[in-house]
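Spelled out, the chains give:
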Amino acid sequence: MYSRNFMKFWLLLVLLVYAYFMFELFKKLSNKSSTVDVESDGMKAFYEESDPYLIELSKTSDLQSLVNELNQKQEILNENLFGPFEADDTIIAIQVHNKIDFLKLTIESLEKVKGIEKTLIIFSHSLFDVNINKIVRSIKFAKVMQIFYPYSTQIFPNSFPGNDPNDCPRDVTKEEAMRMKCNNAEFPDKFGHYRESRFVQIRHHWFWKINFIFENLHVTRSFNGHVVFIDENYYLLPDSLYFLNEMKKLTHNDPNCVYSLGTWKSEINPLKSHIAVVYGGIPHNSYIITKHFWLTFKIHSETFCNTDDFNFDAAFVGICQRHLKPRPHSMYPLVPRVYYIGDNATHVDGSHEKFYVYEKTVELAASLEPFLFPKRLEKKYNIINVRSYMELGGFNDPRDKSLCMTMCNV
């Protein structure tokens, strides 16, 4: 009898000890990797607890609220390493969607840029992604901020400005659209096509980003420096900021000059790496502008928002050429300091020979290395006539025009 009770006692004790250790193990696993289910992009996105944004998301259980909260917070990372942001510092603004592999390469190139530690790099996201957040937050070579486009197709997957089920298909005729009674039937673009949210979002994001940086950031209230606008698939050479500063000296910081780090169709002759081109128009990539220039452009926001062109860069250049007085000009290096390394310029699927352009760019950069950081720049005038602007369509839905105008008041 005693032996049987003793066995029962020990069996119960073993069970209790086992239950205790299992409970502790469960607690550790729960603390190590907690996830939140977010349905805003139609798919489950899981965010690990190691990402500090998860804590905020768990409080709101709403991605839209989190994005708005983070945009208000405007956290700057690495100020403890590089000091606070100064009014005349340079900002590098990178528009990010989902090209994580190219984003890594862009960041690698930025780390090699001389003077990068004196900049603030702002990553403007159209997608809330834990892996992208980790990459950005791991940067230790400069001050970093993340902002999030609040009208993304991820946040609005089944309604405008995302894909409303009742929106007209791109290629139906207006007559067919009227019979279908789809939302935007009366408003095809100049070529007879209807809006595609994945393309229109790129333009909306760009206009929201530039408004937000110049108008809503605390650090730009008295800002008198320059903002370099690039994308997640650009590769910068080590003397990019050096060449920019030398161009500013050459023009005496002309407020009517839109600087650029180079044009895609450029002459690549290492012996001409010291030449700065003066151009009567504006190139279509890597704009570098001041807040003063932005405020001059912003006067024409309504015209910009009513321009039937899904390409933000073409629309921006078109407005500058047609409406800004005095007409702005530009300066850029004849041998580019920025290169496009992506596989598709519109951020959508398509990845044949994915890194071919990047590999060729790295080879080119290596050949240019001995010719970088020229001691003295030489001006060269581009006398080619500025081409007249033609709208490219894709932006004629009244809802898009209205959303565009609301961004002027972000």
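What counts and how
Residues numbered from 1 in each chain as written. Predicted model: local features only at pLDDT ≥ 70, side-chain atom pairs only at ≥ 80, totals over all residues. Heavy atoms only, no water. Pairing = 2+ DSSP bridges. Helix = DSSP H or I, 4+ residues; strand = E, 2+ residues; numbered from the N terminus. UniProt positions renumbered as here; feature names shortened; annotations may be inferred. Contact = heavy atoms within 4.5 Å. Polar contact = N/O pair within 3.5 Å; in protein donor to acceptor, adjacent residues only side chain to side chain. Buried < 20%, exposed > 50% of the residue type's maximum accessible area, 1.4 Å probe, protein only. Disulfide = S-S within 2.5 Å.

## Re the sheet that holds strand β8 (residues 275-279)
Next, step 1: Spatial ordering of the open sheet is given by β1-β4-β3-β2-β5-β9-β7-β10-β8-β12, a layout of ten strands whose pairing is mixed. The sheet is open, and its two edges are formed by β1 (76-77) and β12 (378-382), each paired on a single side.
Next, step 2: For β8 and β12, the ladder comprises five bridges, and the chain directions are parallel. Looking at the pairing, A276 lines up with K379 of β12.

## Description of the UniProt feature "binding site: substrate" (unreviewed entry) in the protein chain
Next, step 1: Per the UniProt entry, the sites bearing "binding site: substrate" (unreviewed entry) are Q201, I202, R203, H204 and H205 in this numbering.
Next, step 2: Along the chain, the position of R203 falls in helix α8 (residues 197-215).
Next, step 3: Apart from the residues lying within four places of it in its own chain, the contact partners of R203 are F304, C305, T307, D309, F310, F312, A315, F395 and C404.
Next, step 4: Engagement of the side chain of R203 in a polar contact is seen with the backbone oxygen of T307, the distance being 3.2 Å.
Next, step 5: Along the chain, H204 turns up in helix α8.
Next, step 6: The buried category is assigned to H204, whose relative accessible area is 2%.

## Structural notes on the state of the cysteines
Next, step 1: Overall, the coordinates contain two disulfides when judged by the stated rule.
Next, step 2: Covalently, C168 is tied to C182 through a disulfide, its sulfur atoms 2.0 Å apart. Across the S-S bond linking C168 and C182, the dihedral sits near 100°, which makes this disulfide right-handed. Taken together, the residues C168 in the loop between β4 (143-148) and α7 (174-180) and C182 in the loop between α7 and α8 connect sequence positions 14 residues apart. When sorted by exposure, C168 lands in the same class as C182, which is buried.
Next, step 3: Two residues, C305 and C404, share a disulfide whose sulfurs are 2.1 Å apart. When the S-S torsion is -75°, as for the bridge of C305 with C404, the disulfide is left-handed. Of this pair, C305 sits in helix α11 (residues 301-305) while C404 sits in helix α14 (residues 398-406); the two residues are 99 residues apart in sequence, bridging distant segments of the chain.

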